[in-house]
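Residue-level structural notes
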Amino acid sequence: MTEQPHERSGAFETDRSAEVVAASFAAAPDERLRDILVSLVRHTHAFVEEVGLTAEEWAEGIRFLTETGHRCDATRQEFILLSDVLGVSSLVESLDNPTDGHCTEATVEGPFHLVDSPARALGDTIDETGRSGEPCLVTGRVTDTDGAPVPGARVDVWQADADGHYDVQRPGEIPDGNLRGLFTADADGAFRFRTVVPRHYPIPTDGPVGALLRATGRHANRAAHIHFQISAPGVRTLTTHLFAADSPYLDSDAVFGVKASLIRPFAPTDDPARAAADGLPNPFRHVDFPITVRRLQPADRGSRGYFRGPRRS
């Protein structure tokens, strides 16, 4: 009598591959990790089956991801860039930061945020070169969903220069900390600073993400914006953008970061007295960007994304 092979529930079977692999995580002590991995396996296996992925194509995908990792360093995060152009970053931010119609909407942090934005006084300029760009005054006020001010809120801002470059992209040419600033809101939650009007610019295209965009016929441009990250004890940290209403690419931002509620006009302003008071040439541009954050609830304590200070991407 021929002996039958011993049947094991964990043996790989093509028609139930996801089920077999997902079962291997059953003993994972972290329930959340187990749920994420099981879902990842199920969706990944379904994707492979749906497109009929070949071994050669899978190897090419692994090569692409390997190259993406090789392009990451202390000032550039190619994986964040990949997440951005696939719309994943925007989706995660939106799901992790529900506004309930009351809070300022969150959007992508991007690959150029640093932990060490220079501390500046309210009203200071973040433009350390003064070489180009239209002078601009940015004002705003941080409040909670009840309209109460958030005194002392940390307002971290960063943007590209008039040529579309962040300081970390041109070391030695652009001063470290240029067009970055960490401000502390006053007792009424108000903040203000001087800068230049942001312009649209292309995301870095000299790496694998750029190759992906070219292969798919997509442009690499971001709509003009200023980054903001708001944090304070007792409130949920908010990462968002202020978009210029007259910018191109608002309807086709390369990283899907634009949300209609974040678009504001940078109004031409002819006011010699205010220009003199704020240390600006006249005329100048002015934009007001009120920001609403949510107070932490007891259930929020310790959850992912809550009261994390500025961090390096």
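Higher on the page you've got the structure.
Rules used throughout
Residues numbered from 1 in each chain as written. Predicted model: local features only at pLDDT ≥ 70, side-chain atom pairs only at ≥ 80, totals over all residues. Heavy atoms only, no water. Helix = DSSP H or I, 4+ residues; strand = E, 2+ residues; numbered from the N terminus. Contact = heavy atoms within 4.5 Å. Areas by Shrake-Rupley, 256 points an atom, 1.4 Å probe, with all protein chains shown as cover. Lys, Arg positive; Asp, Glu negative; His and termini not counted. Charge placed at Lys NZ, Arg CZ, Asp CG, Glu CD. Axes fitted to C-alpha atoms, helices over the stretch in contact; angles between N-to-C directions. Parallel < 35°, antiparallel > 145°, perpendicular 65-115°, else oblique. Nonpolar A, V, L, I, M, F, W, Y, C, P; charged D, E, K, R; others polar. Buried < 20%, exposed > 50% of the residue type's maximum accessible area, 1.4 Å probe, protein only. Salt bridge = Lys/Arg side-chain N within 4 Å of Asp/Glu carboxyl O. Polar contact = N/O pair within 3.5 Å; in protein donor to acceptor, adjacent residues only side chain to side chain. Patch = residues over 30% accessible without salt bridge, like charges linked within 9 Å, V, L, I, M, F, W, Y side chains within 5 Å. Pairing = 2+ DSSP bridges. Core = buried A, V, L, I, M, F, W, Y, C linked by side-chain atoms within 4.5 Å. Expected span 1.5 Å × (residues − 1).

**Focus: the overall build of the protein chain**
A count of helices and strands for the protein chain gives 7 helices and 12 strands. If one aligns the C-alpha atoms of the protein chain with their principal axes, the spans along those axes are about 100 × 45 × 30 Å. Restricting the contact set of the protein chain to residue pairs at least 6 apart, pairs at least 24 apart contribute 71%. Roughly 16300 Å² of accessible area belongs to the protein chain as shown, and the carbon and sulfur atoms make up 55% of that amount. Here the protein chain contributes 32 positive and 46 negative side-chain charges, whose respective centroids are spaced 3 Å apart.

**Examining the packing of helix H4 (residues 78-85) against helix H6 (residues 208-215)**
Interaxial distance between H4 and H6 falls to 9 Å at its minimum, and their mutual angle equals 25 degrees. Compared by their axis directions, H4 and H6 come out roughly parallel. Here Glu78, Leu81, Leu82 and Val85 of H4 lie close against H6, whose contacting residues are Pro208, Val209, Leu212 and Leu213. Classifying every residue of the contact of H4 with H6 by side-chain character gives 7 nonpolar, no polar and 1 charged.

**A word on the side chain of Lys259**
As for its position among the elements, Lys259 is in the loop between strand E8 (238-244) and strand E9 (263-264). Buried and without a salt bridge, Lys259 has Glu105 as its closest oppositely charged side chain, separated by 4.3 Å. Of note is the side chain of Lys259, whose polar atom sits 2.6 Å from the backbone oxygen of Ala106. Excluding its chain neighbours within four sequence positions, the residues that come into contact with Lys259 are Ser90, Ser94, Glu105, Ala106 and Phe243.

**Observations concerning a nonpolar patch on the surface**
The grouping of Leu86, Val88 and Val92 at the surface amounts to a nonpolar patch, some 250 Å² of accessible area in total. Relative to the elements of secondary structure, Val92 occurs in helix H5 (residues 88-96).

**Quick look at the pairing of strand E1 (residues 135-144)**
When a strand is regular, its side chains alternate between the sheet's two faces. Of all 10 residues that make up E1, 8 are buried, and the element is covered over most of its length. Looking at chain direction, E1 and strand E4 (residues 190-196) are connected through 7 bridges and run antiparallel. Paired with Gly140 across the strands is Phe191, a residue of E4. Looking at chain direction, E1 and strand E11 (residues 284-288) are connected through 4 bridges and run parallel.

**Details of the nonpolar core**
Ranked by size, the top nonpolar core spans 33 residues in total, and within it Phe228 and Ile230 carry the most contacts. Among the secondary structure elements, those contributing two or more residues to this core are E1, strand E2 (154-158), E4, strand E7 (225-231), E8 and strand E12 (291-293). Residues contacting Ile230, with those up to four places away along its chain left out, are Val142, Ala153, Arg154, Val155, Arg236, Thr237, Leu238, Ile291 and Val293. If you look at the next biggest cluster of nonpolar residues, it comprises 11 residues, including Leu81, Ile203, Ala254 and Val255.

**As for the packing of helix H3 (residues 55-70) against H4**
One can describe the packing of H3 onto H4 by two numbers: an axis separation of 7 Å at closest approach and a directional angle of 125 degrees. Our classification of the angle between H3 and H4 gives oblique. For the pair H3 and H4, contact is made by Phe64, Leu65, Thr68 and Gly69 and by Glu78, Phe79 and Leu82, respectively. Classifying every residue of the contact of H3 with H4 by side-chain character gives 4 nonpolar, 2 polar and 1 charged.

**What about helix H2 (residues 31-51)?**
An ideal rise of 1.5 Å per residue puts 30 Å on 21 residues; H2 measures up with 31 Å between its terminal C-alpha atoms. At the C-terminal side of H2, Gly52 shows a positive phi close to 60 degrees.

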